[in-house]
Amino acid sequence: MNLLPTATSTDVQERQPRIAVLPVGSFEQHGKFLPLITDTAIACIIAQEIAAAYPVHLLPPLTISCSHEHAAFPGTVSISARTLYAVIDDIRASLARSGIHKLVIINGHGGNYVLSNLVQEANVDGPTVSLFPLGPDWDRARDYGGLVSDRHMDMHAGEIETSILLHAAPELVREGYAGSDHDGGTRPFLLVQGMGAYTETGVIGFPSHATAGKGKAVLESLQQTFAQHLRALGEEV
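Cut-offs and rules
Residues numbered from 1 in each chain as written. Predicted model: local features only at pLDDT ≥ 70, side-chain atom pairs only at ≥ 80, totals over all residues. Heavy atoms only, no water. Axes fitted to C-alpha atoms, helices over the stretch in contact; angles between N-to-C directions. Helix = DSSP H or I, 4+ residues; strand = E, 2+ residues; numbered from the N terminus. Parallel < 35°, antiparallel > 145°, perpendicular 65-115°, else oblique. Left-handed = near helix turned anticlockwise from the far one by under 90°. Contact = heavy atoms within 4.5 Å. Phe/Tyr/Trp six-rings, centres within 6.5 Å; stacked < 30°, edge-to-face > 60°. Buried < 20%, exposed > 50% of the residue type's maximum accessible area, 1.4 Å probe, protein only. Salt bridge = Lys/Arg side-chain N within 4 Å of Asp/Glu carboxyl O. Pairing = 2+ DSSP bridges. Nonpolar A, V, L, I, M, F, W, Y, C, P; charged D, E, K, R; others polar. Expected span 1.5 Å × (residues − 1). Arc of directions from axis to C-beta.

**Student:** I'm lost on the packing of helix H5 (residues 135-145) against helix H8 (residues 212-232) in this one. Help?
**Tutor:** The N-to-C vectors of H5 and H8 enclose an angle of 140 degrees; their axes lie 8 Å apart at closest approach. Relative to H8, the element H5 is oriented oblique. When you trace H5 past H8, the crossing you get is right-handed. Facing Asp137, Trp138, Arg140, Ala141, Tyr144 and Gly145 of H5, the residues of H8 in contact are Lys214, Ala217, Val218, Glu220, Ser221, Leu222, Gln224, Thr225 and His229.

In structure tokens, the structure reads:
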């Protein structure tokens, strides 16, 4: 699987896209059967599905973000929320200088809370930035794909993430996911105590229910739902 876009400068010049798509992933633990790059891979997979269907400028991913809640598990690396904000703000400014004034951030990591604030602030003077997928987008995709678990139950390294990778990048999924289900409960102090307080394996979810077919359906749904975000930004679909 190639996570990087391969367009040339000439390609972009010919297409003259009005909107850019930026995958934002993470480098954090996903149990024993999914790699540290899971969120980055999923953000890129979603972005590639979008670029195949809509006239957007696909950017390379940001591969390290705000994974501080996973710090108890080996291999996890984070940057600060202010750094993530600043990097994306710089990217927006660079895009604007090249004539692309609208951006959709494809967020693959739920812990990147600062992205919501970034989008709110960017749109004060009019819609220019959207965050995708949002909760309702994920819920629709879960229903469309026939997933057993919901977003709260299936928080991390569970049914939906494993399904997407089984479909789009099966080489990234190791053996062991079928026996790794874990219910993390209500998790009221996740931001205080981190993931380590609610799971010993790093998994909160039900990967045993994952299938490649579900992953394919989830991506189909997200590709369709993206059109709503383009309309919200004032773009024709």
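**Student:** Would you explain the packing of aromatic side chains in this entry?
**Tutor:** For the structure shown, the criterion picks out 3 aromatic pairs. Seen in terms of ring centroids, Phe33 and Tyr177 are 6.3 Å apart; in terms of plane orientation they differ by 50 degrees. Their pairing is tilted. Of this pair, Phe33 sits in the loop between strand S1 (19-24) and helix H2 (38-53) while Tyr177 sits in the loop between helix H6 (159-168) and helix H7 (190-193), and the two are 144 residues apart along the sequence. With relative accessibility at 0%, the residue Phe33 sits in the buried group. With a relative accessible area of 22%, Tyr177 lands in the partly exposed category. Taken together, a centroid distance of 5.3 Å and an interplanar angle of 85 degrees make the contact between Phe132 and Phe226 edge-to-face. You can see Phe132 sitting in strand S4 (residues 129-132) and its partner Phe226 sitting in helix H8, a full 94 residues away along the chain. Across the pair, Phe226 and Phe132 agree in class, each one buried. Through pairs of rings, three or more aromatic residues link up here, namely Tyr54, Phe132 and Phe226.

**Student:** Looking at this model, I keep getting lost on the pattern of salt bridges. Mind explaining?
**Tutor:** Any two side chains of opposite charge can pair, so long as their charged atoms come close to each other. Enumeration over the complete set of coordinates arrives at 6 salt bridges. Between Lys102 and Glu235 there is a salt bridge; the shortest N-O distance is 2.9 Å. Placement of the pair is Lys102 in strand S3 (residues 102-107) and Glu235 in the segment after H8, with a sequence separation of 133 residues. Judged by its relative accessible area of 15%, Lys102 falls in the buried class. For Glu235, a relative accessible area of 12% puts it in the buried group. The partner of Asp139 in a salt bridge is Arg151, with the nearest N and O atoms 2.8 Å apart.

**Student:** Please explain the pairing of S4 as it appears in this structure.
**Tutor:** Looking along a regular strand, one sees the side chains alternate between the two faces of the sheet. With burial as the criterion, each face of S4 is covered, one bearing Val129 and Leu131 and the other bearing Ser130 and Phe132. Sheet topology note: the S3/S4 ladder contains 4 bridges and is parallel. Directly across from Ile105, in S4, lies its bridge partner Leu131.

**Student:** I tried to follow the packing of helix H3 (residues 81-97) against helix H4 (residues 114-122) on my own but got confused; where do I start?
**Tutor:** For any two helices packed against each other, the geometry is given by the interaxial angle and the distance between the axes. The contact between H3 and H4 brings their axes to 10 Å, and the two run at 40 degrees. Taken together, the axes of H3 and H4 are oblique relative to one another. Note on packing geometry: the crossing formed by H3 with H4 is right-handed. Across the interface between the two elements, Ala81, Leu84, Tyr85, Ile88 and Arg92 from H3 touch Val114, Leu115, Leu118, Glu121 and Ala122 from H4. Looking at the contact of H3 with H4 residue by residue, the class counts come to 8 nonpolar, no polar and 2 charged.

**Student:** I would appreciate a short explanation of H3 in the present structure.
**Tutor:** Helical periodicity: at 3.6 residues per turn, an α-helix aligns residues three or four positions apart in one direction. When the terminal C-alpha atoms of H3 are compared, their 25 Å separation across 17 residues agrees well with the 24 Å that a helix rising 1.5 Å per residue should span. For H3, the complete set of buried residues consists of Leu84, Ile88, Ile91 and Leu95. Down the axis of H3, the sector holding all buried residues measures 55 degrees, keeping them to one side. The outward face of H3, more than 90 degrees from its buried face, is lined by the exposed residues Arg82, Asp90 and Arg97. In this fold, the buried residues of H3 make contact with S1, strand S2 (57-58), S3 and H4. Where H3 ends, the next residue or the one after it, Gly99, has phi of about 95 degrees, a positive value.

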